[in-house]
Amino acid sequence: YGGMGLDFSYNVAVAEELGNIRCGGIPMAIGVQAGMATPALTRFGSDELKKQFLVPTIAGDFVVCLGVSEAGAGSDVANIKTTAVRKGDEYVINGGKMWTTSGCQADWMCLLANTSEGPPHRNKSLICLPMNLPGIHVAKKIDKLGMRSSDTAQIFFEDVRVPRKNLIGEEGKGFTYQMLQFQEERLWAVATVLTPLETVIQETIDYTRQRKVFDQSVLHNQAVHFRLAELATELELLRSLLYRTTALYVEGNDVTKFASMAKLKAGRLSREVTDSCLQFWGGMGFTSEVLVSRLYRDLRLMSIGGGTDETMLSIICKYMETLPSK
């Protein structure tokens, strides 16, 4: 379908390299395209759907968005309210999506919707939804604290008709498919923060070395260089966890627990690194002229998007409860 047929470790390598872009929005948009809205179509979609949607997306001719979060259901995916009701050979879609990355410019959406009245984990399906259909309303581009180079849309659906053949895989398996997509999404997100955090630590070292306070460099203070050393150590530990998790995933293992741990740590470390480093930049750190202030805003999303820190903790706890007692 136009891809290179490489395993997921190459996605992680690309994501890590994209961290050299000096903002969070562009790597995130590419991540939605490559590892958040297309894995389910790749794994479970029909050949016809792959030719119609996957091929132009891989080629870069189509932009895709992921329609999961809603105003009342972000990390709580099971609680989404958007419906896709079967009528003949079509689904009729009503509802809305919120926080949709690339939603203002997307050519199609990987939509998660309720297709039956059954239990919340077995009544959902993923559907390839062209964004030019009648009844789709992009209400607004959301004004955000960070990731300002990325458009984030609020979208409503009013009696939108889409062919039933646009269903990805089996009806009712959408929740399961989406949970699988989340693992790649979270690992991609972790990989994208490694390089920016490393960069901001190094730039802070360089700045505090030349910035003088009370006739000595800021870096000369033990509190400063010890803190930077701690943060650099934590970053390398995160990198090791990511690489281990990726290796296990490529081997075909369930990495939900480790991916959740990595996502949790990446979110918290993104906050710790950018907050500590911004403090060491002093007044300059509070301006929009330096990278640390942009990453302070952009990377704050790591603890919220793709599952909050609290959601990651809940997942980790559930997996720990399945471990045999010693």
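Here the structure is a predicted model, which means the values were calculated and not measured.

Chemist: Explain unusual backbone geometry residue by residue, including any values.
Modeler: Here Ser102, not a glycine, exhibits a phi torsion of approximately 70°, which is positive. Residue position: Ser102 is located in the loop between strand 3 (90-101) and strand 4 (108-114). Phi is positive for Phe214, close to 55°, though the residue is something other than glycine. Position of Phe214 among the secondary structure elements: in the loop between strand 9 (212-213) and strand 10 (216-217).

Chemist: Please give an account of the UniProt feature "domain: Acyl-CoA dehydrogenase/oxidase N-terminal" (unreviewed entry) in the protein that cites residues and values.
Modeler: Under the present numbering, the feature "domain: Acyl-CoA dehydrogenase/oxidase N-terminal" (unreviewed entry) in UniProt falls on residues 1-61. As annotated, residues 1-61 comprises 69% helix and 0% strand, and the C-alpha atoms at either end are separated by 13 Å.

Chemist: Tell me what's going on with the UniProt feature "domain: Acyl-CoA oxidase/dehydrogenase middle" (unreviewed entry) in the protein, and back it up with residues and numbers.
Modeler: The positions that UniProt labels "domain: Acyl-CoA oxidase/dehydrogenase middle" (unreviewed entry) are, in the present scheme, residues 65-160. With 0% helix and 51% strand, the stretch residues 65-160 has end C-alpha atoms that lie 17 Å from each other.

Chemist: Please provide a residue-by-residue account of the domain arrangement of the protein, values included.
Modeler: We note that the domain assignment places domain 1 (37-171) and domain 2 (176-320) within the protein. The C-alpha-based centres of domain 1 and domain 2 are spaced at 30 Å. Listed as interface residues are 21 residues of domain 1 and, on the opposing side, 17 residues of domain 2. Roughly 1500 Å² of surface becomes buried between domain 1 and domain 2 when both sides are summed, with 61% attributable to carbon and sulfur atoms. For domain 1, the biggest contributors to the area lost against domain 2 are Arg43, Ser75 and Met147; these three give 33% of the whole. Taken together, the links from domain 1 to domain 2 amount to one salt bridge. Here domain 1 is connected to domain 2 by six residue pairs in polar contact (both at pLDDT 80 or more).

Chemist: Talk me through a nonpolar patch on the surface; I want residue IDs and the actual numbers.
Modeler: A surface patch of nonpolar side chains, about 250 Å² in accessible area, is lined by Tyr1, Val55 and Ile58. Among the structural elements, Ile58 can be located in helix 4 (residues 47-59).

The rules behind the values
Residues numbered from 1 in each chain as written. Predicted model: local features only at pLDDT ≥ 70, side-chain atom pairs only at ≥ 80, totals over all residues. Heavy atoms only, no water. Helix = DSSP H or I, 4+ residues; strand = E, 2+ residues; numbered from the N terminus. UniProt positions renumbered as here; feature names shortened; annotations may be inferred. Domains from an automatic or database assignment. Contact = heavy atoms within 4.5 Å. Buried area = accessible area lost by both parts, 1.4 Å probe. Salt bridge = Lys/Arg side-chain N within 4 Å of Asp/Glu carboxyl O. Polar contact = N/O pair within 3.5 Å; in protein donor to acceptor, adjacent residues only side chain to side chain. Patch = residues over 30% accessible without salt bridge, like charges linked within 9 Å, V, L, I, M, F, W, Y side chains within 5 Å. Areas by Shrake-Rupley, 256 points an atom, 1.4 Å probe, with all protein chains shown as cover.

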